[in-house]
Amino acid sequence: MVSWQMRGVGLFTRLVYRRRYATETAGLRTLNRPKGPSAPPKSLACTSSTVNGFTVYQVGDAETAVVYLHGGAYTSEIVEQHWSLIGFIAEQAGCEVHVPIYGLSPEHHGREALDLVSEVIRGLGRPCHLVGDSAGGGLALLAAQANKGRVAGLTMIAPWLDLTMSNPGIDAVEPHDPWLFRAGLRPIADAWTGGLALDDPRLSPIHGDLDGLPPTQILVGTRDITLPDCRLLRDRLPAGTPLTYHEEPGAIHVYPLLPVPEARAGRRAIVAHILGARPSQT
């Protein structure tokens, strides 16, 4: 049963946020709008450092390290909902969470972000767990592919896995997604390439090497245009890759970040995966 809160958030999202991606012109406006602040809320205790010229925040101090990569179509800044999940992970998993504030398009591009995340991972000096939502989920898989042996686990929340968005299964899902639309995402994807092809495996991890990945978790809603590529990744992963895969019926994009009852189970599942436990949901 889909909660009334999920239905309400979906309606609000359709009315307020879908316009950002409804057309190519809208996507260009989203791409070129001024960026907002990225600092964590004052209620969340953090330290910060600089890596490759970019700020990296740290929440908590523990042996278990998590690197969190925020979504926003590679062009929107980290927001309150991300920080809420980051604080939840740090507290409930008893870990330290490192949050690279990677450069956003159109001023920055994908290879630059991957270099930053790889440098953060190497600088930890111990294996870490990668968590990312939406665009950050795609970046998390790219980082896991580029840093095999340094990543102990991988969690992706509705990841953007293919900048081409050419999966034919998207046609059936797109009319039911109240948030995302390919027309507006296409110019944003183009701006992120830095001259590479959209299907280059350094940008679109679904086209990269899927061997040797750590235990992997995917969470996605069924009203989300990332769903077809999440299913494709699920089916392409080698049989030896430990996988926890969950589709939330009726849920919209990045549902564990939203103020809905379904988010609570998703957040608990993320913490369980970080701790090495198997979530009960499948």
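Residues numbered from 1 in each chain as written. Predicted model: local features only at pLDDT ≥ 70, side-chain atom pairs only at ≥ 80, totals over all residues. Heavy atoms only, no water.

### Focus: the environment of Ala183
Then, in step 1: Mapped onto the elements of the fold, Ala183 is located in helix α7 (residues 182-192).
Then, in step 2: You can call Ala183 partly exposed: its relative accessible area is 22%.
Then, in step 3: In this structure the C-alpha to C-alpha distance between Ala183 and Ala26, which are 157 residues apart in sequence, comes to 8.7 Å. (Helix = DSSP H or I, 4+ residues; strand = E, 2+ residues; numbered from the N terminus. Buried < 20%, exposed > 50% of the residue type's maximum accessible area, 1.4 Å probe, protein only.)

### Examining the pairing of strand β3 (residues 65-69)
Strand residues, when the strand is regular, have side chains that alternate between the two faces of the sheet.
Then, in step 1: With respect to burial, β3 is a largely interior element, five of its five residues being buried.
Then, in step 2: Both faces of β3 are covered, namely the face carrying Ala65, Val67 and Leu69 and the face carrying Val66 and Tyr68.
Then, in step 3: Direction of pairing for β3 relative to strand β4 (residues 96-100): parallel, over a ladder of three bridges. In the sheet register, Val66 faces β4, and the bridge partner there is Val97.
Then, in step 4: Following the backbone out of β3, through helix α3 (residues 80-93) and into the adjacent parallel β4, one traces a crossover that is right-handed. (Pairing = 2+ DSSP bridges. Right-handed = clockwise from strand over helix to strand, strands pointing away.)

### Description of the confidence of the model for the chain
Then, in step 1: Predicted confidence across the chain gives a mean pLDDT of 95, with 98% of residues reaching 70 or more.
Then, in step 2: Below pLDDT 50 for its whole length, residues 277-282 participates in 16 contacts with residues either more than four positions away or in separate chains. (pLDDT = per-residue confidence, 0-100. Contact = heavy atoms within 4.5 Å.)

### Some remarks on the packing of α3 against helix α9 (residues 261-274)
Then, in step 1: Following both chains from N to C, one finds α3 and α9 inclined at 45°, their axes separated by 10 Å at the closest point. Considering the angle they form, α3 stands oblique to α9. Considering only the axes of α3 and α9, their crossing is right-handed. For the pair α3 and α9, contact is made by Gln81, Ser84, Leu85, Phe88, Ile89, Gln92 and Ala93 and by Arg267, Arg268, Ile270, Val271 and Ile274, respectively.
Then, in step 2: For the contact of α3 with α9, the class distribution of residues is seven nonpolar, three polar and two charged. (Axes fitted to C-alpha atoms, helices over the stretch in contact; angles between N-to-C directions. Parallel < 35°, antiparallel > 145°, perpendicular 65-115°, else oblique. Left-handed = near helix turned anticlockwise from the far one by under 90°. Nonpolar A, V, L, I, M, F, W, Y, C, P; charged D, E, K, R; others polar.)

### Things to note about the sheet that holds strand β1 (residues 47-51)
Then, in step 1: Taken together, eight strands build an open sheet; the order of strands is β1-β2-β4-β3-β5-β6-β7-β8 and the sheet is mixed. Looking along the sheet, the strands with just one partner apiece sit at the ends: β1 and β8 (243-248). For this sheet, the mean angle separating the axes of adjacent strands, direction not counted, is 20°.
Then, in step 2: For β3 and strand β5 (residues 128-133), the ladder comprises five bridges, and the chain directions are parallel. The partner of Tyr68 across the bridge, within β5, is Val131.
Then, in step 3: Contacts from α3 reach β2 (54-59), β3, β4, β5 and β6 (151-157) within the one sheet, and its direction differs from that of β4 by about 155°.
Then, in step 4: In the packing of α9 onto the sheet, contacts are made with β3, β5, β6, β7 (216-221) and β8, and the angle to β7 comes to roughly 170°.

### Structural notes on the packing of helix α4 (residues 110-124) against helix α5 (residues 135-146)
Then, in step 1: The N-to-C vectors of α4 and α5 enclose an angle of 60°; their axes lie 10 Å apart at closest approach. As the angle between them shows, α4 and α5 are arranged oblique. The two elements α4 and α5 cross, and the hand of that crossing is right-handed. Counting all contacts with α4, which are made through Ala113, Leu114, Val117, Ser118 and Ile121, the residues of α5 involved are Leu139, Leu142, Ala143 and Ala146.

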